[in-house]
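Residue-level listing of the chains:
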Amino acid sequence: MTYRTFEEDRRARRARHAAQPGGAALAVGLGLLLLGGLAARQYAGQQAPRRPADSAPGRTARRRRFGDYAVTGRSVTINRPRRDIYDFWRDFSNLSKFMENIESVHASGDITRWTISAPMGHAVDVVTRIVSDRPGEEIAWRSTEDSEIDTEGKVMFRDAPGARGTVVETVIAYRPPMGELGRIVATLFQDEPGVQARRNLKRLKMLLETGEIATNRNRNDG
Amino acid sequence: MRALTYHGSHDVRVDTVPDPEIVNPRDAIIEVTSTAICGSDLHLYDGVIPGVMSGDILGHEFMGRVVETGSGSTLKKGQRVVVPFTISCGQCFHCKMQQFSACDNSNPAEKQDLTEPLYGHPLSGLFGYSHLTGGYPGGQAEYVRVPFSDVGPIVIPEGMDDDEVLFLSDILPTGWMAAENADITEGDTVAVWGCGPVGLFAVQSARIMGAHQVIAIDHHPHRLELARLMGAKVIDYTQTHVLEALMEMTGGIGPDAVIDAVGMESHGFAPDNVFDTIKQKVGIGADAPHALRMAIMAVRKGGRISMPGVYGGFADKFPLGALMEKGLQLRTGQTHVQRYTKDLLRRIQEGEIDTTFLISHRLPLEEAPRGYANFKNNQNEWTKVVLKPGTAAV
Ligand SMILES: NC(=O)c1ccc[n+]([C@@H]2O[C@H](COP(=O)([O-])OP(=O)(O)OC[C@H]3O[C@@H](n4cnc5c(N)ncnc54)[C@H](O)[C@@H]3O)[C@@H](O)[C@H]2O)c1
Ligand SMILES: [Zn+2]
Ligand SMILES: [Zn+2]
C-alpha cells in the first residue's frame, strides 16, 4: 500500500523531475523517502533499469541506501485508539520508556535534544525540529545544524482494518557520519537496518496494550 | 531456592539459584506444590530444541500457592492456582481471539529476534522452554515468577488434590485441543499415534467428543494398556502393519481423522526414520516426522490431521502429494491453554475426566534428574512423573 495524498503525489512528481545525482538532489531524495513507497521506488529507479513500481513501501526495497542515506522503518498494529497512541508519542519524554537507547530527552518548543547511548560508553546528541504535527495522524521531524547525526523521520498513525486498533508506521532516514562517530552510529543502528526500530515498536505495543514490557528477568537486580 | 537447571544434553541438575521477585506489576510469585516432566521437556533434554542455555530453569507444568502479588495482579495470597504453560497477555489481537499461544506481547522484544527469521513470525512466551520462547525461568523449582497473573492462572477450589488438576497446565488441554482439531463427528474413527500423556488424553477427549472408535498406536505394552483403559482399540506397531490394520479396522475407508501425539522424536526402525534420527544427531535442525508421515498416509481422503506433537525445524520427505491429492486438512499449534482450563476443571469436578490414572511416579524435586532419565529411557512404566518441591530426597 502507498498512503499518499494528492498533495504528496504532486510533490513527489515535482521532486522526481528535480532529482539528479548530487548534493541538492540528495536532500530532495531524502524528503521523497519519507513521503511513501512509490516515490522512494522512483528515486531508486533512476539508477536502475525501469520497471513498473510495485505497491510495497520504499523501505522494503532490495536496495536500502538512497544516495548517502540509509532508510529504516517498521509498522506495528496496536490495539488502542489512534489518538491515545499519538498523545503518548507526542509527549517525547515517554519515548525513553520503550526506546532502549534513549538516555534523555529535552524538549523546548519545536526543538528536541536527544541523548542516545551508544556502545562502549559513548553517547550521541541528536537535535531535531518538528516539521509536521497532525494530531492523531502524524509527527515528522528533521535534524538541525546542531545535531551530530543528519537524520529525518516520521511516525504515522492510521486506523487498522477490522477494529484491530491503530497501525503505527515509522520511517527513519539517516546519513551515517564519517570516522569514529560513524562507526558508533553504525553499531547503534546495528547491521540489519531496522533492528532497533523493530524492537522499540514491539515494546511500545507491549506497554500500550498490557501496561508493561515483557521481561524474563526473575529479579529486579538481575 | 532449589530448581532443576539445564547444563547440556542429558545433563540436568538441581541447583540453588536466587529466589524470584515481582518485576512487573501484573506478576505473581507462586510457591510450587507440584510440577511435572513433559514429553516436550524431553526434546530439550535430548538437545533437539535450540536456544537452551546452561543454567536455565526448565519446567512448564506447575501449580502452587500464591505467595506474592504485584499491583496489577488479581490473585490473592494463599490461593491455589494451576498455571498455563503459555504466557499470554489477554489483550493483544491473538489473545482476544483466544489464540493464547500466539500472544504478541509475552516474548521479550530482543528474544523475538531469535524466531522471527526462523519462522517468519516471532514465537510467544512459554515457561522454561528455551530462549526461543522468551527464556522464562520454568516451573521445576520451588518458586516461579508468573507474568500476566491476572489472566493465566486458574484458581483451584480447596478440597481438590494437586494430582487431579495439575495437568490443566498443559497436557490435558493439549489432548483436548488435539481432539477438537480432529473435528470429530458421529461415526468417526480417530487414530492416535503415541500413547504418552498427550496421546492418552487425546484418546480420552476423542471418546468424550463422540468418536465411534479410537485406535491408539505405540510400542510400549503398558502405555497401550492405559489407552485401552481409556476406551481405545490399540495397535502395537512392532507386531502389526499399521496402515493395513487401520484400513481393515475401518472397512477399507481409513480413519476419518488422525492425531500425531508423537512429535519430532519418533521411534522406530523404518528407513526414513533411521535417516532422520541421524540427521537430528548431527544437529542440522531436522525433525523426525515418521509417525506424521504414516498418519498422513493412513487418513482417509478428505480427512483431518491434528498435530499436537512438537516440531522445531524442517522435515524431509514430507508426503506433500498425499496431503494435496487426498484433500486433507492439517491443524496444529502449541495449545491455547487458557481457552480450555475453565471447562476442563468443571469436567474434572463432575467426574467426567480423570487425570490421576496417568501418574506413575511422584518424586521430590531433588530427584528430578532421575525422573528425566527414566521418563526418557523407561517409557513403558514411567508414564508421567510429578515432582514435589519441599519434600525430602529419599
Ligand atoms: N502442542 C502442545 O502444546 C504440546 C503440549 C505438550 C506436549 N506436546 C508434544 O506432544 C508430544 C507427546 O508428548 P508426551 O508428553 O505424550 O510425550 P512422550 O514422549 O511421553 O510420548 C510419546 C509417545 O510416542 C510413542 N512413539 C514414538 N514413536 C512412535 C511411532 N513411530 N509410532 C507410534 N508411537 C510412537 C512413544 O513410545 C511414546 O509413548 C511431544 O512431541 C510433546 O512435545 C505438545
Ligand atoms: Zn508439557
Ligand atoms: Zn496476548
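Residues numbered from 1 in each chain as written. Chains lettered and ligands numbered in written order. Predicted model: local features only at pLDDT ≥ 70, side-chain atom pairs only at ≥ 80, totals over all residues. Heavy atoms only, no water.

In plain terms, the rule: UniProt positions are given in the numbering used here, feature names are shortened, and annotations may be inferred rather than shown by experiment.
Under an unreviewed UniProt entry, the name given to chain B is Formaldehyde dismutase, and the source organism is Limimaricola soesokkakensis. Turning to chain B, the UniProt annotation filed under Sequence similarities (unreviewed entry) states: "Belongs to the zinc-containing alcohol dehydrogenase family." What the UniProt record of chain B gives under Cofactor (unreviewed entry) is the line "Zn(2+)".

The name an unreviewed UniProt entry assigns to chain A is Polyketide cyclase / dehydrase and lipid transport, from the organism Limimaricola soesokkakensis. For the record of chain A, the UniProt heading Sequence similarities (unreviewed entry) holds the text "Belongs to the ribosome association toxin RatA family."

**Some remarks on the site of ligand 1**
Residue and element names in this part refer to chain B. Our working definition: One heavy atom within 4 Å of a molecule or strand makes the whole residue count as near it. We define a polar contact as two N or O atoms separated by no more than 3.5 Å, with the added condition that, inside protein, one atom must be a possible hydrogen donor and the other a possible acceptor, whereas residues neighbouring each other in sequence contribute only through side-chain atom pairs. Under the DSSP-based scheme used, a helix requires at least four consecutive residues in state H or I and a strand at least two consecutive residues in state E, with every element numbered from the N terminus. Classification convention: Asp, Glu, Lys, Arg as charged; Ala, Val, Leu, Ile, Met, Phe, Trp, Tyr, Cys, Pro as nonpolar; all other residues, Gly among them, as polar.
Taken together, 32 residues lie near ligand 1, and S40, H43, D218, R223 and H267 sit nearest. One nitrogen or oxygen atom from the main chain of V310 is found 3.1 Å from an oxygen atom belonging to ligand 1. Between Q379 and ligand 1, the recorded distance is 3.2 Å, taken from a side-chain N or O atom to an oxygen atom. Where the shell around ligand 1 is concerned, the elements lending two or more residues are α1 (39–45), α6 (197–208) and β9 (213–218). When residues of the shell around ligand 1 are assigned to their parent elements, the largest contribution, 3 residues, is made by α1. The residue inventory of the shell around ligand 1, partitioned by class, reads 12 nonpolar, 17 polar and 3 charged.

**What to know about the sheet that holds β9 of chain B**
Residues and elements named next belong to chain B. Formally: Pairs of strands are assigned from DSSP output, requiring at least two bridges between the strands. Axis definition: a line fit to C-alpha positions, over the contact stretch in the case of helices; interaxial angles, taken between N-to-C directions, run 0 to 180 degrees. The contact criterion used is simple: two residues touch if any of their non-hydrogen atoms lie within 4.5 Å.
Spatial strand order, β10-β9-β8-β11-β12-β13: 6 strands in an open sheet with parallel pairing. For this open sheet the edge positions go to β10 (233–236) and β13 (329–332), each flanked by a neighbour on one side alone. Ignoring which end each strand starts from, the neighbouring axes of this sheet average 20° apart. Running at roughly 160° to β13, helix α5 (residues 171–181) makes contact with β11 (257–260), β12 (304–307) and β13 of the sheet. Against the sheet, helix α7 (residues 221–229) touches β9 and β10, its axis set at about 165° to β10.

**Here we look at the coordination of the zinc ion (ligand 3)**
Residue and element names in this part refer to chain B. Quick reminder of the rule: Metal donors: N, O and S atoms at distances within 2.8 Å, or within 3.2 Å for Na, K and Ca, with water omitted from the atom set so that some sites may seem incomplete. Labels for metal geometry use angle windows, namely 85 to 135 degrees for all angles of a four-donor tetrahedral site, and for square planar (four donors) or octahedral (six donors) sites opposite donors over 155 degrees apart plus all others within 65 to 115; sites meeting none of these are irregular.
Coordination of the zinc ion (ligand 3) by the protein is provided by C89 (SG), C92 (SG), C95 (SG) and C103 (SG), with metal-donor distances spanning 2.3 to 2.5 Å. Angles of 101 to 117° at the metal separate the 4 donor atoms of the zinc ion (ligand 3), which places the site in the tetrahedral class. Site description for the zinc ion (ligand 3): donor spacing in sequence, C-x2-C-x2-C-x7-C.

**A look at the interface of chain B and chain A**
Using the following cut-off: Here the quantity called buried area is the accessible surface, traced with a 1.4 Å probe, that two parts lose on coming together, added over both. Each salt bridge in this description consists of a side-chain nitrogen of Lys or Arg and a carboxyl oxygen of Asp or Glu lying within 4 Å of one another.
Residue-level contacts link 34 residues of chain B with 21 residues of chain A. With both sides pooled, the region where chain B packs onto chain A buries about 2400 Å², and carbon together with sulfur makes up 44% of that total. Salt-bridge contacts for D113 of chain B lead to R199 of chain A; the nearest nitrogen and oxygen are separated by 2.6 Å. Remark: the boundary between chain B and chain A carries 20 residue pairs in polar contact (both at pLDDT 80 or more).

**With respect to the packing of α5 of chain B against α6 of chain B**
Residues and elements named next belong to chain B. The line we're drawing: Any angle that falls under 35 degrees is termed roughly parallel, while one over 145 is termed roughly antiparallel, one within 65 to 115 roughly perpendicular, and all others oblique. In a left-handed crossing the near helix is turned counterclockwise from the far helix by less than a right angle, and in a right-handed crossing that turn is clockwise.
Two numbers describe how α5 lies on α6: the axes approach to 7 Å, and their chain directions differ by 55°. With respect to α6, the axis of α5 lies oblique. The two elements α5 and α6 cross, and the hand of that crossing is right-handed. Across the interface between the two elements, I171, L172, T174, G175, W176, A178 and A179 from α5 touch P197, V198, F201, A202, Q204, S205, A206 and I208 from α6. A breakdown of the residues in the contact of α5 with α6 according to their chemical character gives 11 nonpolar, 4 polar and no charged.

**Re the packing of aromatic side chains**
The following threshold applies: The rule is short: rings of Phe, Tyr and Trp, with Trp giving its six-membered ring, pair when the centres are within 6.5 Å, and they are stacked under 30 degrees, edge-to-face over 60, tilted in between. Here, a charge over a ring is recorded when the distance from Lys NZ or Arg CZ to the ring centre is within 6 Å and its angle to the ring normal is within 35 degrees.
All told, the structure shown has 10 aromatic pairs over all chains when counted by the stated rule. Sitting above the plane of the F92 of chain A ring, R90 of chain A keeps its charged end 5.3 Å from the centroid.

**Section: the UniProt feature "domain: Alcohol dehydrogenase-like N-terminal" (unreviewed entry) in chain B**
Per the UniProt record, "domain: Alcohol dehydrogenase-like N-terminal" (unreviewed entry) is annotated on residues 25–153 of chain B. Helix makes up 17% of residues 25–153 of chain B and strand 21%, and the two end C-alpha atoms of the span are 16 Å apart.

**Overview of the UniProt feature "domain: Alcohol dehydrogenase-like C-terminal" (unreviewed entry) in chain B**
Under the present numbering, the feature "domain: Alcohol dehydrogenase-like C-terminal" (unreviewed entry) in UniProt falls on residues 197–264 of chain B. The straight-line gap between the two end C-alpha atoms of residues 197–264 of chain B is 16 Å; of that span, 41% is helix and 21% is strand.

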